[in-house]
Amino acid sequence: MNDKELNLVDHLEELRKRIIISALAFVVFFIVGFIYVDDIYRWFVGDTKLMVLGPSDIMWIYFMLATVVAVAGTIPVLALQIWLFVRPALRPVERRITLSYVPALFFLFLIGLSFGYFVIFPMVLKFLVNMGQGMFVTNFTAERYFSFIMNMTLPFGVLFELPVVVMFLTSLGIINPFVLSKIRKYAYFVLIIIAVVITPPDFMSDFVVTLPLLLLYEISINLSKFVYRKRLKKQEQEEEEIIKA
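Residues numbered from 1 in each chain as written. Predicted model: local features only at pLDDT ≥ 70, side-chain atom pairs only at ≥ 80, totals over all residues. Heavy atoms only, no water.

A. A look at the confidence of the model for the chain. Overall, the prediction assigns the chain a mean pLDDT of 84, with 95% of residues at 70 or greater. Confidence, read as mean pLDDT per element, is least for helix 4 (residues 92–99) in the chain (76) and greatest for helix 8 (residues 177–182) (92). (pLDDT = per-residue confidence, 0-100. Helix = DSSP H or I, 4+ residues; strand = E, 2+ residues; numbered from the N terminus.)

B. Fine view of helix 3 (residues 55–86). Between the first and last C-alpha of helix 3 there are 46 Å, a value that for 32 residues agrees with the 46 Å anticipated at 1.5 Å per step. A maximum bend of about 35° is found in helix 3 at T74, where proline P76 lies one to four positions downstream. (Expected span 1.5 Å × (residues − 1). Bend = angle between axes of the 7 residues up to and from the residue.)

C. Examining the packing of aromatic side chains more closely. Counting across every chain of the model gives 22 aromatic pairs. Each ring, one from Y117 and one from F118, has its centre 5.0 Å from the other, and the planes form 80°; the classification is edge-to-face. You can call Y117 buried: its relative accessible area is 15%. A relative accessible area of 54% places F118 in the exposed class. Three or more aromatic residues link up through ring pairs in this structure, and these residues are Y41, W43, F44, Y117, F118, F121, F140, Y145, F146 and F148. (Phe/Tyr/Trp six-rings, centres within 6.5 Å; stacked < 30°, edge-to-face > 60°. Buried < 20%, exposed > 50% of the residue type's maximum accessible area, 1.4 Å probe, protein only.)

D. Molecular detail of the nonpolar core. Counting residues in hydrophobic clusters, the biggest one holds 35 residues, and the most contacted among them are F146, I149 and F156. For this core, the secondary-structure elements that each account for two or more residues are helix 2 (37–45), helix 3, helix 5 (101–131), helix 6 (142–159), helix 9 (184–198) and helix 10 (203–244). If we ignore the near neighbours within four places in the chain, the residues touching F156 are G112, F115, G116, I120, I198, V209 and L213. Of all hydrophobic cores here, the second largest spans 17 residues; its members include A72, L84, V102 and F168. (Core = buried A, V, L, I, M, F, W, Y, C linked by side-chain atoms within 4.5 Å. Contact = heavy atoms within 4.5 Å.)

E. Representation of helix 2 within the structure. When we look at burial in helix 2, the residues that qualify are V37, F44 and V45. Along helix 2, the residues classed as buried sweep out an arc of 80° about the axis, all on the same side. Where helix 2 ends, the next residue or the one after it, G46, has phi of about 65°, a positive value. (Arc of directions from axis to C-beta.)

F. Structural detail: the pattern of salt bridges. Per the counting criterion, the structure on display carries four salt bridges. Among the ionic pairs, R18 bridges to E14, the shortest N-O distance being 2.6 Å. You can see R18 and its partner E14 sitting in helix 1 (residues 3–35), four residues apart, about one turn around the helix. A relative accessible area of 12% means that R18 is categorised as buried. D38 is the salt-bridge partner of R42, the closest N and O atoms lying 3.2 Å from each other. Taken together, the residues span about one helical turn, with R42 and D38 both in helix 2 at a distance of four residues. (Salt bridge = Lys/Arg side-chain N within 4 Å of Asp/Glu carboxyl O.)

G. Structural context of the environment of L159. With respect to the secondary-structure elements, L159 resides in helix 6. For L159 and Y217, which are 58 residues apart along the polypeptide, the C-alpha to C-alpha distance reads 9.6 Å. Sequence-distant contacts of L159, defined by excluding residues within four places in its chain, comprise I194, L213 and L216.

H. How the structure looks around the side chain of S224. Residue position: S224 is located in helix 10. Residue class for S224 comes out buried when judged on its relative accessible area of 0%. In this structure, S224 is in contact with V166, T170, N176, P177 and L180, ignoring residues within four places of it in sequence.

Structural data, given as structure tokens:
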């Protein structure tokens, strides 16, 4: 086996190690979430009594809420494992900068969830309930209620991480602000479609959701420019030092 093959085996072994650690973190956080499901459930519904249509629905609620806790808790661990995997290919300065993205991913995910839960969820729920007022009896099952919450919150948790992901990829040289600017109109189109699909069919709701998403994209472009300039400046300094040497 030559050196190239050995290097590939080492990389695969390192990748396997990072995946196992991330999976173990998910399991640990899942168990913690499962233990505290009762408190999480009461935080979401308060004194409201939701219906279940069978014993399996109760277990489904436990697993779903525990999974959300596990996903939220695993995000910083997964981000750290990704950083540790690519760290050998980074320069010391890049290592310090990219490491700061790890907690940022977690906090932006929580901010996205909060935006979905406190802004989008009540707005869409109110619209749908009012639309059926006088026609239907609005009794919610626990399964449908929490599925609805997850559909209104998790996508925003992911979308709000866009700026940090863009900064990280820019620091690695995978993307640059010029590419992001070039595909701006296509990105806008996709984000507007997402906003229209997940909100009630009225202009104000579409506007409330679309504006933050477009703003996130513009913030991502500007952050990418900042990281890209610093990266070029650092490369120029290193080239000058090589020439002087």
